[in-house]
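# Examining the three-dimensional arrangement
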There are 2 protein chains.
Amino acid sequence: MNRITVLLVDDHLVVRSGLKALLGTQPDIEVVAEAASGEDGLALAEQHSPAVVVMDLAMGAGMDGIEAIKQLRRRNAKQAVLVFTTYDSDADIVRAVDAGAMGYLLKDAAPEEIFAAIRGAVQGKSVMSAPVASRLFQQLRNPDEVLTPREAELLSLLIEGLSNRELGQRLFISEATVKTHLAHIYAKLGVETRAAAIATAIRREGMR
Amino acid sequence: MNRITVLLVDDHLVVRSGLKALLGTQPDIEVVAEAASGEDGLALAEQHSPAVVVMDLAMGAGMDGIEAIKQLRRRNAKQAVLVFTTYDSDADIVRAVDAGAMGYLLKDAAPEEIFAAIRGAVQGKSVMSAPVASRLFQQLRNPDEVLTPREAELLSLLIEGLSNRELGQRLFISEATVKTHLAHIYAKLGVETRAAAIATAIRREGMR
DNA sequence: GGAGGTATCAGCCAAAAGGCTGAGAGACCA
DNA sequence: TGGTCTCTCAGCCTTTTGGCTGATACCTCC
């Protein structure tokens, strides 16, 4: 029986170490490489061609997880990417799925859940933690309130405290477009100002 | 030679698992128990009397790490507490030290740093990650950046997303006064806009 | 009793943000 | 092929915010 090869991408050594220890207990799963950054992750994915990439979203410096997933998808369609992160923010979920993630696990997930997600991923099954699933269901019930990927991306920069001009420069779009997106975001979040949007995003969306 | 007994308290299984794997490589350190919540941590600390408690601050539900540290100190337990967390927020650092923590490590710390912190802790030495130390030094060097009580009060309302007018109404002061306070807050936080102030307050000051 | 810190307020001006309407391009789908 | 969604952009106008300068009042501390 072929073992499932896995690449771990997480900037926290303890998390990589913990995942490795957990996955090491499973005879059919093998961690073939580890990376501490998105850049390293891409290089190692190319080098080892693992069946599954387990990826954190928040990486201290450099390329973040979402960008790394996009790059992976752009280069090679074979690897299934599992997001493995601390927060179940709506925006992150939307962006990760949009980027091409196969599953979305939270770091407090039970070991069996993690194993199942990895085994499912190689078979093309989407697996996600219960809180993540429930968020998605709620979004299905209220489709009007779902942020588009671009809006989510903008929101994630908004909560960094950037101005409209800075947002435009960062996303290579005009300030007018930024304002359009912001207006839509405000409507969906049910707020009127950017300050309230930031506050809401950080609390309700769990962003930070 | 006596081994240093350690209790792990972290709500993430992978982190506990990773720490255990890392610490297991050291002959003089032994993990004697693990807890996934502050409450369990207190109970296990009493039961096992470990030399060192490695504690996460953000625990999903129930008692958080700071409260658990306070409880431990209140029971005048002998254990040295090492904080082991993801964020180096000023407010968390101050609160943890105030609660009686012996050290403050970030989750991206190198293994040697973690080992050294545990060994130091049993000898009464304070050890902290470099970014944490630099934050503390910065606070000591720049007492000017400490918010006055009124400013802190205003900031706590600011991060709710209120406008200047609303802030004035809530605090029974004129909008002009609100603007004065805000200008001072921005200067102390090192930002230029309210959006950045909110973002900074929530991250660096740990407010929410 | 003066110095320094804190909290209060005013007015003026420039910049930023927000509300509104309209519109074109590309993707996707029935 | 036509409708819908998303992303993009523009112009116009009002409101809000931020920068600056200066002022009064209270408190504490030396």
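Scoring rules and cut-offs
- Residues numbered from 1 in each chain as written.
- Chains lettered and ligands numbered in written order.
- Predicted model: local features only at pLDDT ≥ 70, side-chain atom pairs only at ≥ 80, totals over all residues.
- Heavy atoms only, no water.
- Helix = DSSP H or I, 4+ residues; strand = E, 2+ residues; numbered from the N terminus.
- Rg over C-alpha atoms; globule rule 2.2 N^0.38 Å.
- Contact = heavy atoms within 4.5 Å.
- Areas by Shrake-Rupley, 256 points an atom, 1.4 Å probe, with all protein chains shown as cover.
- Lys, Arg positive; Asp, Glu negative; His and termini not counted.
- Charge placed at Lys NZ, Arg CZ, Asp CG, Glu CD.
- Near = heavy atom within 4 Å.
- Polar contact = N/O pair within 3.5 Å; in protein donor to acceptor, adjacent residues only side chain to side chain.
- Pairing = 2+ DSSP bridges.
- Salt bridge = Lys/Arg side-chain N within 4 Å of Asp/Glu carboxyl O.
- Buried < 20%, exposed > 50% of the residue type's maximum accessible area, 1.4 Å probe, protein only.
- Buried area = accessible area lost by both parts, 1.4 Å probe.
- Nonpolar A, V, L, I, M, F, W, Y, C, P; charged D, E, K, R; others polar.
- Arc of directions from axis to C-beta.
- pLDDT = per-residue confidence, 0-100.
- Axes fitted to C-alpha atoms, helices over the stretch in contact; angles between N-to-C directions.
- Parallel < 35°, antiparallel > 145°, perpendicular 65-115°, else oblique.
- Left-handed = near helix turned anticlockwise from the far one by under 90°.

### Some words on the overall build of chain A
Across its full length, chain A carries ten helices and five strands. Taking 17 Å as the expected radius of gyration for a compact globule of 208 residues, we find that chain A reaches 18 Å, a close match to that expectation. Along the first, second and third principal axes, the C-alpha atoms of chain A reach 55 × 35 × 30 Å. Here the contacts in chain A between residues at least 6 apart in sequence split such that 63% fall between residues at least 24 apart. Approximately 9200 Å² of chain A is accessible, and the part contributed by carbon and sulfur atoms is 52%. Here chain A carries 23 positive and 27 negative side-chain charges, and the mean point of each set is 2 Å from the other.

### Notes on the protein's contact with DNA strand C
Taken together, 16 residues surround DNA strand C, and among them Arg194 of chain A together with Thr148, Arg150, Ser174 and His181 of chain B come closest. Take the atoms of DNA strand C that sit within 4 Å of the protein: sugar and phosphate atoms are 68% of them. In this structure, a phosphate oxygen belonging to DNA strand C sits 3.2 Å away from a side-chain N or O atom of Arg165 of chain A. Side-chain polar atom of Thr177 of chain B to a phosphate oxygen of DNA strand C: 2.8 Å apart, as the coordinates give it.

### Details of the sheet that holds strand 3 (residues 52-55) of chain B
One key point about sheets: their strands pair by backbone hydrogen bonds, in either a parallel or an antiparallel sense. Residue and element names in this part refer to chain B. Taken in spatial order, the six strands line up as 2-1-3-4-5-6 in an open sheet, and their pairing is parallel. Single-partner strands in this sheet number two, and they are strand 2 (29-35) and strand 6 (127-128). The pairing of strand 1 (residues 4-9) with strand 3 spans four bridges and is classified as parallel. Residue pairing across strands places Leu8 opposite Val54, the latter belonging to strand 3.

### Observations regarding the protein's contact with DNA strand D
Of all residues adjacent to DNA strand D, which total 17 residues, the nearest are Thr148, Ser174 and His181 of chain A together with Tyr186 and Arg194 of chain B. When the atoms of DNA strand D within 4 Å of the protein are grouped by moiety, sugar and phosphate amount to 69% of the total. Within the backbone of Ser174 of chain A, one N or O atom sits 2.6 Å away from a phosphate oxygen of DNA strand D. A distance of 2.8 Å is found between a phosphate oxygen of DNA strand D and a side-chain nitrogen or oxygen belonging to Tyr186 of chain B. Elements supplying a minimum of two residues to the surface near DNA strand D: helix 7 (149-158) and helix 9 (175-189) of chain A together with helix 8 (164-171) and helix 9 (175-189) of chain B.

### Details of the pattern of salt bridges
Counted by the stated rule, this structure contains 17 salt bridges over all chains. The salt bridge involving Glu34 of chain A is made with Arg16 of chain A; its shortest N-O contact spans 3.0 Å. With Glu34 of chain A in strand 2 (residues 29-35) and Arg16 of chain A in helix 1 (residues 13-23), the pair connects residues that are 18 residues apart, well separated along the chain. The class for Arg16 of chain A is buried, based on a relative accessible area of 10%. With a shortest N-O distance of 4.0 Å, Glu30 of chain B and Arg3 of chain B are connected by a salt bridge. Of this pair, Glu30 of chain B sits in strand 2 while Arg3 of chain B sits in the segment before strand 1, and the two are 27 residues apart along the sequence. Within this structure, Asp10, Asp56 and Lys107 of chain A form a network of salt bridges that share partners.

### Section: the interface of chain B and chain A
Each partner contributes to the interface: chain B provides 29 residues, whereas chain A provides 30 residues. Each partner contributes to the roughly 2300 Å² buried at the junction of chain B and chain A, and carbon and sulfur atoms together form 66% of this total. Taken as a group, His12, Val14 and Arg203 of chain B account for 23% of the area that chain B buries against chain A, more than any other trio of residues on that side. At the boundary of chain B with chain A, the tally comes to zero salt bridges. Linking chain B with chain A are two residue pairs in polar contact (both at pLDDT 80 or more), by the criterion used here. Per-element accounting of the side of chain B that touches chain A gives the leading share, eight residues, to helix 1 (residues 13-23) of chain B. Here the residues of the side of chain B that touches chain A sort into 16 nonpolar, six polar and seven charged.

### Quick look at helix 7 (residues 149-158) of chain B
The set of residues buried in helix 7 of chain B consists of Glu151, Leu154, Leu155, Leu157 and Leu158 of chain B. Each buried residue of helix 7 of chain B sits inside an arc of 160° when the element is viewed along its axis, so together they form one side.

### Things to note about the confidence of the model for chain A
In this model, chain A carries a mean pLDDT of 85, and residues with pLDDT of at least 70 account for 91%. Of all secondary-structure elements in chain A, the lowest mean pLDDT belongs to helix 6 (residues 130-141) of chain A, at 70, while strand 2 of chain A reaches the highest, 95.

### Overview of the environment of Ile29 of chain B
All names here are of chain B. Among the secondary structure elements, Ile29 is positioned in strand 2. On a C-alpha basis, the gap between Ile29 and Asp56 in space is 19 Å, while along the polypeptide they are 27 residues apart. Discounting residues that sit within four places of it in the chain, Ile29 has contacts with Arg3, Ile4, Val6, Leu23, Phe115, Ile118 and Arg119.

### With respect to the environment of Leu7 of chain B
All names here are of chain B. The topology assignment puts Leu7 in strand 1. Overall, the relative accessible area of 1% leaves Leu7 in the buried class. Along the backbone, Leu7 and Gln79 are 72 residues apart, and their C-alpha atoms lie at a distance of 9.6 Å. Residue contacts for Leu7: discarding those within four places in its chain leaves Ala33, Glu34, Ala35, Gly41, Leu44, Ala45, Pro50, Val52, Val53 and Val54.

### Some points on the packing of helix 7 of chain B against helix 8 of chain B
Geometry of a packed helix pair, given as the angle between the helix axes and the separation of the axes. All names here are of chain B. One way to put it is that helix 7 packs onto helix 8 with a least axis distance of 10 Å and a crossing angle of 125°. By the angle between their directions, the pair helix 7 and helix 8 is classed as oblique. At the point where helix 7 passes helix 8, the crossing takes the right-handed sense. Contact residues: Arg150, Glu153, Leu154, Leu157 and Leu158 in helix 7; Leu167, Arg170 and Leu171 in helix 8.

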